[in-house]
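Geometric and topological summary
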Amino acid sequence: MSAELFAVVAAIVRRHTAGGGRTIPLLSRYDPKERQSSPAMPFLFQRKIGTKHEVMSDTTVVNMLKRRCVELAEQRPGFLATSFTPHDFRRLLATDLVNSGLPIHIGAALLGHFNLQTTRGYVAVFNEDVVRHYQGFLDRRRQARPTDEYRSVTEPEWLGFEEHFDQRKVELGGCARPYGAPCQHEHSCLRCPMLTVNPKMLPRLDEIEDDLLSRRSRAAHEGWLGEVEGLDLTLTFLQQKREQSQRLTRITPVSLGMPGVRPEGPS
Ligand code: SF4
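Residues numbered from 1 in each chain as written. Predicted model: local features only at pLDDT ≥ 70, side-chain atom pairs only at ≥ 80, totals over all residues. Heavy atoms only, no water.

Some points on the overall build of the chain
When its secondary structure is counted, the chain shows nine helices and seven strands. Relative to its length of 267 residues, the chain is extended, with a C-alpha radius of gyration of 26 Å against a globular reference of 18 Å. Based on the C-alpha atoms only, the size of the chain along its principal axes is roughly 75 × 60 × 45 Å. Counting across all 267 residues of the chain, residues that qualify as buried make up 23%. Relative to all contacts within the chain whose residues are 6 or more apart in sequence, the contacts with residues 24 or more apart total 45%. Summed over its atoms, the accessible surface of the chain is roughly 19,400 Å², and 57% of this surface lies on carbon and sulfur atoms. (Helix = DSSP H or I, 4+ residues; strand = E, 2+ residues; numbered from the N terminus. Rg over C-alpha atoms; globule rule 2.2 N^0.38 Å. Buried < 20%, exposed > 50% of the residue type's maximum accessible area, 1.4 Å probe, protein only. Contact = heavy atoms within 4.5 Å. Areas by Shrake-Rupley, 256 points an atom, 1.4 Å probe, with all protein chains shown as cover.)

Shown next as structure tokens:
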């Protein structure tokens, strides 16, 4: 966090805790896009209406930003033609972090992105920045390792490296177990957290589910309760893998967009 941002956040925290011994009130926020309420958290952007504390809505924040832009425009006319949304600040923070040297994959984890491409669209970085940050990260890691680990690779090692990628292909998609590691889960991929289901194999998941359900029905009929328990667990993992894969199909590159330009004239 930059010193300026730290000072601003500290000022907000001080405002909420003024009076001594107080902590920031814990509030729940309803997310209209996810259609669910968050757990109680110390939201920084909250205000007191009457006796009640409430998290500021997006509209309130947008209106506040508009008013600040009008004020700033008295000294910097460019702000008159600029509008911000709260989401812009998430993007600005991400860009600031990545441009300050945070590896982009760690930025992706912080932002909760499952796909690095989403973060690349999100932060204002370009291909060469991505490569530069990643190589910088590797250089820093290498400096922390013994130098003899960086000898030239031998022919068998190179062959093993090439085979590595073929060995990661499984029926339902890709296996993400670490390089050089054998499968420790007896290839029970559906239950394995290392499996990423290829979206084109979703119909195959449906077939497997039908098969599991018919086996479950037979097991229940015969009274094989241990088998029922195991099949229920596999069905739960199958559902999770299906949701994960469907989510991947919905991820599209995020447009950076441009700040809106207000029409000329009094507003
Ligand atoms: S069980 Fe897991 S680790 Fe083993 S091959 Fe399947 S996905 Fe990879």
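Still to come is the rest of the account.
Quick word on the site of the ligand
Taken together, the neighbourhood of the ligand is formed by Cys175, Arg177, Cys183, His185, His187, Ser188, Cys189, Cys192, Met194 and Leu195. Here the residues of the shell around the ligand sort into six nonpolar, three polar and one charged. (Near = heavy atom within 4 Å. Nonpolar A, V, L, I, M, F, W, Y, C, P; charged D, E, K, R; others polar.)

Let's talk about the confidence of the model for the chain
Low-confidence regions, as indicated by low pLDDT, have predicted coordinates that should not be scrutinised in detail. Considering every residue of the chain, the mean pLDDT works out to 84; 90% of them sit at 70 or more. Ranking the elements of the chain by mean pLDDT puts helix H5 (residues 116–122) last, at 73, and helix H8 (residues 202–222) first, at 95. (pLDDT = per-residue confidence, 0-100.)

Considering the pattern of salt bridges
Under the definition given, this model contains 13 salt bridges. A salt bridge links Asp166 to Lys169; the shortest N-O distance between them is 3.2 Å. Accessibility expressed as a relative area gives 48% for Asp166, which makes it partly exposed. Classification of Lys169 by relative accessible area gives exposed; the value is 59%. (Salt bridge = Lys/Arg side-chain N within 4 Å of Asp/Glu carboxyl O.)

Topic: H8
Over its 21 residues, H8 extends 30 Å from the first C-alpha to the last, a length consistent with the 30 Å expected when each residue adds 1.5 Å. Restricting attention to buried positions, one finds in H8 the residues Leu202, Leu205, Ile208, Glu209, Leu212 and Ala219. Mapping the buried residues of H8 onto a view down its axis gives an arc of 105 degrees, with all of them on the same face. Exposed side chains of H8 directed beyond 90 degrees from the buried face belong to Asp210 and His221. (Expected span 1.5 Å × (residues − 1). Arc of directions from axis to C-beta.)

Some remarks on the sheet that holds strand E7 (residues 195–197)
The strands that make up a sheet are held in pairs by hydrogen bonds between backbone atoms, and each pair lies either parallel or antiparallel. Pairing within the open sheet is antiparallel, and its three strands lie in the order E5-E6-E7. Edge positions in the sheet fall to strand E5 (169–170) and E7, since each of these pairs with one other strand and no more. As paired elements, E5 and strand E6 (residues 173–175) share two bridges and run antiparallel to each other. Bridge assignment links Lys169 to a residue of E6, and that residue is Gly174. (Pairing = 2+ DSSP bridges.)

So, the packing of aromatic side chains
Under the criterion given, the structure shown has three aromatic pairs. Summarising the aromatic geometry, the rings of Phe84 and Phe89 are spaced 5.6 Å apart at their centres and angled 45 degrees between planes, so their arrangement reads as tilted. A residue is classified by how much of its surface remains accessible, and Phe84, at 25% relative accessible area, is partly exposed. Taken together, Trp158, Phe161 and Phe165 form an aromatic cluster joined through their ring pairs. (Phe/Tyr/Trp six-rings, centres within 6.5 Å; stacked < 30°, edge-to-face > 60°.)

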